[in-house]
Amino acid sequence: MPAMRAVLALFAVATGASWRTKTNAIQAKFTGNVSAPLKMQLSRKAPKDAMAKKWAAAKVATPFRIQAREQAEGDDDFLYLKNYDEMVFTCEVCLGDSNEQCMDIVPDTGSSNFWVIDESAKCPQASYVKSSSNSFKESEGEEYSIQYGSGECKGYIGYETVKWGGYTLDSQKVGFATEAQTFCGLELSGILGLAFRAISENNIDPVFDVITKQEGLQALNEKNYSPSSHYSLFSFYLSNDEHSESSHLHLGQLDAGCFEGEVSDLKWVPLSSETYWAINVEDITLGGEAMEAFKPAFISAMKNVTLVSMTGDEEEEGDDDIHLCKGASCVAIVDSGTSLLTGPSEVVNMINQFILQQNPDGTVDCDRTDFPTINVHIGGHQFELTKEDYLIKEQGRCFSGLMGMDMPQSQRPFWIMGDVFMRKHYTVYDYGNKRVGFATAKTSCN
């Protein structure tokens, strides 16, 4: 398996983090009836330098797939994303007042803090130069540290003018990474978290939270929707073909021409907590004509797995689907910072082994006709992924877009609906109404 596919591009969830003042770790403060982890504890089984190797290989093989397009006048809230081999998407964020320093940043709905690489980290990509700014202010010695699976990112905290998508935030608290070996040499200069303040260290106001309050953005009311208004939401269109249509992020609006149906046809799912963009999942099923043959062996192999309820005896007669959450109920986050679709390792590894029949090198047979359809049941709606959606093709070979990723402290099966899911489904993050909206994405927008 090529190095570029060896490690999931997962910036949303670190193995541990602290902004060294009031707390020592990112706490996922889930509320209500949701049983979820108190601390994100995700592990990577890849070698320590696998992330760097993957990106080094990708950098040589494939440049950013983005077409040069001029930004329409008065449409600063519409941000074209740089698509790096369908593993990471970045947009431009500028720091500073009169002397702007603009960088490529990952817009990440799986975290809430904003940080950039500082020049003292001595990384080759664009980095922040404090001495060049006339608007930087120190934050009285505050420091931060985030531990990723392949290394640590740490530095200091300061106040800086942030310009993003036509919005200007004065004295926004930002993290400046002085040690960022994990990210050195990659085509990104930081991460901008788009989740909620509940998981923001030191109770730092997330950037979009500040924008919403500063601009007085109102919650969306579909009955009174206007494409010329701005709302307390943002939306992602992740393209399958950058030559046909570029991936983009729209702040304060959604793009009805990019998905099937009208705005009123969006399928809304309420948040289970205002932490990550977390939702309850009623079921995830594997269906298709071949499931009748695959099911007995799969059910037998899964009998000792405690994070999924699928005894086989409880299924309705004639139901050949494999149910991954039925009777257990899963929880998921919708995360732009995770490249693949992830779930409990034991479950996903069995799917890759028994159903997708993954080879030792990580490839699967592109020409097989009996791949299952994955149906995700959330909010009373069903969202479909076919093999064209969840298989990743590269240089004539196919790889599974599903990856095992565990959440040890979660009492319920935990899934991440990453970019594999979001490419198929146009995604609206409705901050004002505390919900996520989905619709089938078009191959091109009109």
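Reading guide: rules and limits
- Residues numbered from 1 in each chain as written.
- Predicted model: local features only at pLDDT ≥ 70, side-chain atom pairs only at ≥ 80, totals over all residues.
- Heavy atoms only, no water.
- Phe/Tyr/Trp six-rings, centres within 6.5 Å; stacked < 30°, edge-to-face > 60°.
- Buried < 20%, exposed > 50% of the residue type's maximum accessible area, 1.4 Å probe, protein only.
- Helix = DSSP H or I, 4+ residues; strand = E, 2+ residues; numbered from the N terminus.
- Lys NZ or Arg CZ within 6 Å of the ring centre and 35° of its normal.
- Core = buried A, V, L, I, M, F, W, Y, C linked by side-chain atoms within 4.5 Å.
- Salt bridge = Lys/Arg side-chain N within 4 Å of Asp/Glu carboxyl O.
- Axes fitted to C-alpha atoms, helices over the stretch in contact; angles between N-to-C directions.
- Parallel < 35°, antiparallel > 145°, perpendicular 65-115°, else oblique.
- Left-handed = near helix turned anticlockwise from the far one by under 90°.
- Contact = heavy atoms within 4.5 Å.
- Nonpolar A, V, L, I, M, F, W, Y, C, P; charged D, E, K, R; others polar.
- Pairing = 2+ DSSP bridges.

Asks: So what exactly am I meant to see when it comes to the packing of aromatic side chains here?
Replies: Where two aromatic rings form a pair, the distance of their centres and the angle of their planes describe that pair. Scanning the entire structure with this criterion turns up 21 aromatic pairs. Considering the side-chain rings of Phe78 and Tyr80, the 5.2 Å spacing of their centres and the 85° angle between planes classify their relative orientation as edge-to-face. Using a relative accessible area of 11% as the deciding quantity, one classes Phe78 as buried. Overall, Tyr80 belongs to the partly exposed group, its relative accessible area being 22%. On the basis of an interplanar angle of 90° and a centroid distance of 6.1 Å, the ring pair of Phe136 and Tyr156 is categorised as edge-to-face. Residue Phe136 is located in the loop between β6 (114–117) and β7 (137–148), and its partner Tyr156 is located in strand β8 (residues 151–164); the two are separated by 20 residues in the primary sequence. Neither residue differs from the other here; Phe136 and Tyr156 are each classed as buried. By way of ring pairs, the aromatic residues Phe196, Phe208, Phe234, Phe236, Trp277, Tyr429 and Tyr431 are connected into one cluster. When the ring centre of Tyr431 is taken as reference, the NZ or CZ atom of Lys434 above it lies at 4.7 Å.

Asks: For this particular structure, what's the right way to read the nonpolar core?
Replies: A general trend in soluble globular proteins is that nonpolar side chains are found buried together. Formed by 87 residues in total, the largest nonpolar core has its most connected members in Phe114, Trp164 and Trp415. No other element matches the five residues that strand β18 (residues 330–334) contributes to this core. Within the second largest apolar cluster, 17 residues are counted, among which are Val106, Ile146, Phe183 and Ile191.

Asks: In this structure, what is going on with the pattern of salt bridges? I would like to understand it.
Replies: Oppositely charged side chains can form a pair if their charged atoms are brought close together. Counted by the stated rule, this structure contains eleven salt bridges. Lys173 is the salt-bridge partner of Glu142, the closest N and O atoms lying 2.9 Å from each other. Taken together, the residues span a long stretch of sequence, with Glu142 in strand β7 and Lys173 in strand β9 (residues 167–179) at a distance of 31 residues. Two residues, Lys213 and Asp209, come together in a salt bridge whose shortest N-O distance is 3.6 Å. You can see Lys213 and its partner Asp209 sitting in helix α2 (residues 207–215), four residues apart, about one turn around the helix. Relative accessible area serves as the criterion here: at 58%, Lys213 is assigned to the exposed category. Looking at Asp209, the relative accessible area reads 6%, which means it is buried.

Asks: Explain the packing of helix α3 (residues 291–301) against helix α4 (residues 345–355) here, please?
Replies: How two helices sit against one another is set out by the angle between their axes and by the gap between those axes. In contact at an axis separation of 11 Å, α3 and α4 are set at 135° when each is read in the N-to-C sense. What the angle tells us is that α3 and α4 run oblique. Once α3 is placed against α4, the crossing between them reads as right-handed. For the pair formed by α3 and α4, the contact residues are Met291, Phe294, Ala297, Phe298 and Ala301 on the first element and Val347, Met350, Ile351, Phe354 and Ile355 on the second. Partitioning the contact of α3 with α4 into residue classes produces ten nonpolar, no polar and no charged.

Asks: Sorry if this is basic, but what is going on with the sheet that holds strand β2 (residues 78–80) here?
Replies: Backbone-to-backbone hydrogen bonds pair the strands of a sheet. The strands run either parallel or antiparallel. Ordered by their spatial adjacency, six strands build an open sheet running β2-β12-β11-β27-β28-β13, and the pairing between neighbours is antiparallel. On the outer flanks of this sheet lie β2 and β13 (267–270), each paired with one strand and no other. Mean inter-strand twist for the sheet, computed between neighbouring axes without regard to direction, equals 20°.

No statement about biological role is implied by the geometric values presented.
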